[in-house]
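Topology and contacts: notes
As a plain string of letters, each chain reads:
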Amino acid sequence: MGQAATQPSTNWHLKENARDHRTSKFSSKELIVRRGQAFTVTFNGTGQPEQNLTFIAETGPKPSKLAKTQATFGISSTMSTESWSAILQSTSSNSVSISISSPPNAVIGRYKLSVQTTSSGSSSPAILGTFVLLFNPWSSGDDVFLPNTAECEEYVLEEFGIIFAGTKNHINSFGWNFGQFQGDILNICLSMLDRSLNYRQDPATDVSHRNDPKYLGRVLSAMVNANDDQGVLLGNWSGNYEGGKSPSSWTGSGEILQNWKKSGFKPVRYGQCWVFAAVLTTVLRCLGIPTRTITNFSSAHDADGNLRVDEFYDASGNHLDRSADSIWNFHVWNESWFSRSDLGPSYSGWQVLDATPQEESGGIYQCGPASRNAIKEGDVDLDYDCPFVFAEVNADCMYWNYEATTGKKTLMFSKSTVIGQFISTKAVGRDDRVDVTTDYKYEEGSTKERDVFKKARKKLGLEDKFDPTAPTPQEIDQKPDISGRFKVAGPLEVGKDLSLILVLENLQSDAKTVHVNMTAWSTVYTRRPVHEIRKDSISATLSPKEEIQLPIKILYTEYQQQLTTDNMIQVTALCHVEGGIQVLVQRDITLDNPAIDIQVLGEAKVNKEVDVEVIFTNPIDMELMNCVLQVQGNDLLRGILEIDVPPVKASEKSSTKFKLIPSETGRKHLLVNFSCDKFADIKTFKMVNVTD
C-alpha cells in the first residue's frame, strides 16, 4: 500500500439533499438520503481529470461486491437504475461536484464513501466521509413504494400518532409521540440492527439482507422485545410494575429508546402491546418503511394453533387460568407497507408485524410479516406466522365449565363471532379512528367468512383430525332455557360507583329457577384477573317468558384499591338453571379517567413564547397527592417537561401553567399525562396550529 491520501474536504449539501430526500426533520450533521434517488456531493479536486475518478461506497463490517455491501463506480454520462452511479455536475480548478445515485434495492444503513484516482495507482482511496441510506417509499422501484403521497406523509414523516384501546363496547384513545426524527433515534435504530441475533451470528450476511423490508421487519419485531436478545423493552402483564415504569405511563418512544441506549442497552421496564407496537412504528418510520399501529378488539391469543380459543370457568363464575389460550380486550400490532416478491403480487401491500412477545416463531419471539391479504383469504400456509394472526382476528371461542374435584369439563356454548372486532387505526392527516375490520376478514357470520375459516383449518390439517376439545353433538344441540346480559346503568368513571343491571330472560313457557354466582375482578387489558372485588350469589324464579332485572352496585371504595392502571373490571354471572344447562353472562368494563383540559392562551408562533394552562378537577371526596404532570410535543418543546403539582383537595380545581416556544410551523400535537395517588396516567392531547 502507498501513502494514505489526505482527507479531502467534502461538502455534503446537507440542506438541499435533505429537502430533496424528505429527511430535513432529522437533526443530524450527517447526510441522510433515500435509496434509488440522486444526491449531490462536492469535494476539493484531486488534480486528476474527472474520468480518472473511482468511487467506493461500502457498509457493514466486511464490505463485499458479492454481498452488495460494496460498490465501486466511476463517472458515467447517465444515471443507472440498476446499480450505483455518478454523474459529473460541475468542476473547477479546485473542486468537483457530482451527483450520486444508489439502486432502489440497495442495502440500507451507514455507508463510507471514498474516492480513488486511477492514475495514481498505488495510493489508498481518500475517504470523503459517511452518509446514511434509508428506504424510499416515494421511489417506484423501491419495495416500500407507496403511491399515495398523503399516506407517505402520515406513515413515514408524521411523528404524532393515536392509539386505540379499551374494549369493544367502549373504545378510547390516547396520543403517542413516535419522535422518529428526534436527536439520536436514527443511530439507536441502526444499533438495534447491529445488536440482533442475526447480526451476532453472521454480521456480513445480516447486513447483506438489509435491502429487504420483510427481513428487517422480522428482525426488528424480535429486537423491540427483550426476549431472546436483550432487546428494547421488557414485557410485564402482572399489574405490578415495581422496578420500572408502568406501561401506561409512557407517552412516546423517544424516552424508551434513549433509556435503552443510556443504560448500556439493558431492556427498559416495562412494556405492553401498544408500547411494543409504538416503538416498532418509530423504528420502521425512521428507516423509511411506511408503518402504522393497528388495534384489534377481542383479540385472540391462540397458543395451540387450532384456531380455537378455550375459556374455562368454575361453578362460581371465576375465570380460570386453565388454558394457554386467551382473549385480550384489545391488542395492538403493526402494519408495514411493502411488496412480497416471495409470495407474489396479490400478497403485497400491508403486512402484519407484531413485536409483543406472545408465541415463538422460528424459536424466537418475533411475528410477521404476515400478508394482510393472506389473512383475509385464509391462506394461512404462507410465511410468516399467518395462522397466529388469522386466529387473532377470527378464531372461534369455546366456553367451558370446569369442575376441579372431578376434572370434568362441560362445554357451555361456542361462538364464532366474538373475536376480531372494530379493528382500528388513525386516519391519514386527521385525528380520527378508521375501521379496517373488513380488510382482515369478510363480514362476520357471512358464508364467505365461514368458508375462509374452513379453508384455513383445512390448510392447517385440522379438519379431519379428532379434536378432544371439540364439543360432542349433544353438547351443541342443547339450547339454554334462559338468556342474560349486563346493562350499564350509570357513568363508567374512576371515582364513581359502578351501577350495572343483570337482565335475565326466561325463554321457555314454564317457570325456571336460576341460581346466579356473580364475581367482579379487576383485570389487566389481557383479561388476566388481578384482584377480586366482589362475590355474590342470588337465586330467582322466572315465570314463563318473564324478564327480570337484578341491580348490581360496586362502590368506588370497594374497587379503588383493586384497580390496575388499565382501569378494567370483568363482571361474570354464571347462571345455573335447575334441570337445564348453565348460562355464562360476562362483560368487560373500562372505566374512564376524569377529564383534563388543555388551553393554549394566545397564538402559537414560531420562536415566540406562548402560555399553556392545564386544568384538572378532582372528582372524588379525597385529596389527591403526589400529582405530576408530564408534557411533550415535537417542535413545541424540547424533551419532556415534568411538573410537580401541589395536592388537589376534594372536588377542587387545579391549574398548572407552563410556556412553549414552537420551533416549526404546522399542525403540532401537545401530549399531557397527569398522575397522582388515586388516578394513574390520565392522558390527553391537543393539536396546536403554529404559524409564522
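Scroll up to find the structure this text is about.
Fair warning: this is a prediction, and the values are worked out from it, not measured in the lab.

One recurring pattern in soluble globular proteins: nonpolar side chains tend to sit buried together. Grouped together as the largest cluster of nonpolar side chains are 68 residues, with contacts concentrated most on Trp-176, Leu-186, Met-192, Ile-256, Trp-274, Leu-287 and Phe-330. Considering every element that reaches this core, the biggest residue donor is helix 8 (residues 273-287), with 12 residues. Counting contributing residues per domain, this core is built from domain 1 (10-134) and domain 2 (149-460), each supplying no fewer than three. Non-local contacts of Leu-287, meaning those with residues more than four positions away in its chain, are made with Ile-108, Leu-134, Phe-135, Leu-186, Cys-189, Leu-190, Leu-193 and Leu-220. Of all hydrophobic cores here, the second largest spans 59 residues; its members include Leu-504, Val-516, Ile-554 and Val-577.

Turning next to the layout of surface pockets. By volume, the largest pocket amounts to about 950 Å³. Taken together, 40 residues line the largest pocket, and the ones lying closest to its centre are Tyr-399, Phe-413, Lys-415, Val-418 and Leu-584. Those elements giving two or more residues to the lining of the largest pocket turn out to be strand 17 (326-338), strand 20 (396-403), strand 21 (408-415), helix 12 (447-459), helix 13 (473-477), strand 24 (482-488) and strand 30 (583-590). Broken down by element, the lining of the largest pocket gets its largest block of residues, six residues, from strand 30. Here the residues of the lining of the largest pocket are counted per class, giving 18 nonpolar, 12 polar and 10 charged. Domain assignment of the residues forming the lining of the largest pocket places at least three in each of domain 2 (149-460) and domain 3 (479-590). Here the second largest pocket is characterised by a volume of approximately 740 Å³. Along its surface, the second largest pocket is lined by 26 residues, and Gln-182, Gly-183, Asn-634, Asp-635 and Leu-637 are the ones closest to its centre. A per-element tally of the lining of the second largest pocket places helix 7 (residues 253-262) first, with four residues.

Turning next to empty space enclosed by the protein. Going through the model one piece at a time under the given rule, you end up with two cavities of 30 Å³ or more. Taken together, Glu-154, Tyr-155, Phe-160, Gly-161, Ile-162, Phe-178, Arg-285, Arg-292, Thr-293, Thr-425, Lys-426 and Ala-427 make up the full set of residues lining the largest cavity. The set of elements that each furnish at least two residues to the lining of the largest cavity consists of helix 2 (149-157), strand 10 (160-167), strand 14 (291-301) and strand 22 (421-426). If one sorts the elements of the lining of the largest cavity by residue count, strand 10 sits on top with three residues. Residue composition of the lining of the largest cavity, by class: five nonpolar, three polar and four charged. Reported here for the second largest cavity is a volume of approximately 40 Å³.

Reading guide: rules and limits
Residues numbered from 1 in each chain as written. Predicted model: local features only at pLDDT ≥ 70, side-chain atom pairs only at ≥ 80, totals over all residues. Heavy atoms only, no water. Core = buried A, V, L, I, M, F, W, Y, C linked by side-chain atoms within 4.5 Å. Buried < 20%, exposed > 50% of the residue type's maximum accessible area, 1.4 Å probe, protein only. Helix = DSSP H or I, 4+ residues; strand = E, 2+ residues; numbered from the N terminus. Domains from an automatic or database assignment. Contact = heavy atoms within 4.5 Å. 1 Å grid on protein atoms, 1.4 Å probe; cavity = no way out; pocket = protein on both sides within 12 Å on 5 of 7 lines; lining within 4 Å. Points joined across faces, edges and corners; volume = space filled by probe spheres on them. Nonpolar A, V, L, I, M, F, W, Y, C, P; charged D, E, K, R; others polar.

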